Amino acid sequence: MTYYDLFLAPVPSGNKEKYLDFAKTMDPIFKEYGALSVTDCWGSDVPEGQVNSLHTAVLREEGEEVVFGFIKWESKVARDAGWEKAMADERMAGGEMPFDGKRMIFGGFDQIFEI
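So, how was this worked out
- Residues numbered from 1 in each chain as written.
- Predicted model: local features only at pLDDT ≥ 70, side-chain atom pairs only at ≥ 80, totals over all residues.
- Heavy atoms only, no water.
- Core = buried A, V, L, I, M, F, W, Y, C linked by side-chain atoms within 4.5 Å.
- Buried < 20%, exposed > 50% of the residue type's maximum accessible area, 1.4 Å probe, protein only.
- Helix = DSSP H or I, 4+ residues; strand = E, 2+ residues; numbered from the N terminus.
- Contact = heavy atoms within 4.5 Å.
- Phe/Tyr/Trp six-rings, centres within 6.5 Å; stacked < 30°, edge-to-face > 60°.
- Lys NZ or Arg CZ within 6 Å of the ring centre and 35° of its normal.

A. Broad picture of the nonpolar core. Tyr-19, Phe-30, Trp-73 and Phe-99 are the most contacted members of the largest nonpolar core, which has 17 residues in total. Elements that contribute at least two residues to this core include exactly β1 (3-12), α1 (16-32) and β3 (64-73). Among the elements that make up this core, the one with the highest residue count is α1 (six residues). Setting aside residues no more than four positions away along its own chain, Phe-99 makes contact with Ala-9, Pro-10, Val-11, Pro-12, Tyr-19, Phe-22 and Met-104.

Right, here's the structure in full:
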């Protein structure tokens, strides 16, 4: 069954190019270790909620944008094996995240439906 890693992160608006460079460096490593695809998205229509929102979820501060991304894997087994290899890869240690990783939200999801 297809498996997804998902994340949300607050990224300073001025770091869009740095974020893109970061993604272009890190994302191919996941592909090398079995990811079917890696997608990064820059928020362009992310409204504030009345009770909760993507903004509050990542504790977005003034001058930051919400970024969303996901990695698609063939299965959780493939994800676990690929993730372990990617985290052990020395190239992963070299990149500085262009955002506050402490406010990044992430998780893994089993696909249950697709049309």
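Having seen the model, we can carry on.
B. Structural detail: the packing of aromatic side chains. Under the criterion given, the structure shown has eight aromatic pairs. With a centroid separation of 6.3 Å and 85° between ring planes, the pair formed by Phe-22 and Phe-99 is classed as edge-to-face. Residue Phe-22 is located in helix α1, and its partner Phe-99 is located in the loop between α4 (90-93) and β4 (105-110); the two are separated by 77 residues in the primary sequence. Classification of Phe-22 as buried rests on a relative accessible area of 17%. Judged by its relative accessible area of 9%, Phe-99 falls in the buried class. Of the aromatic side chains, those joined through ring pairs into one cluster are Tyr-19, Phe-22, Trp-42 and Phe-99. The ring of Trp-83 carries Arg-79 above its face, with NZ or CZ at 5.1 Å from the centroid.

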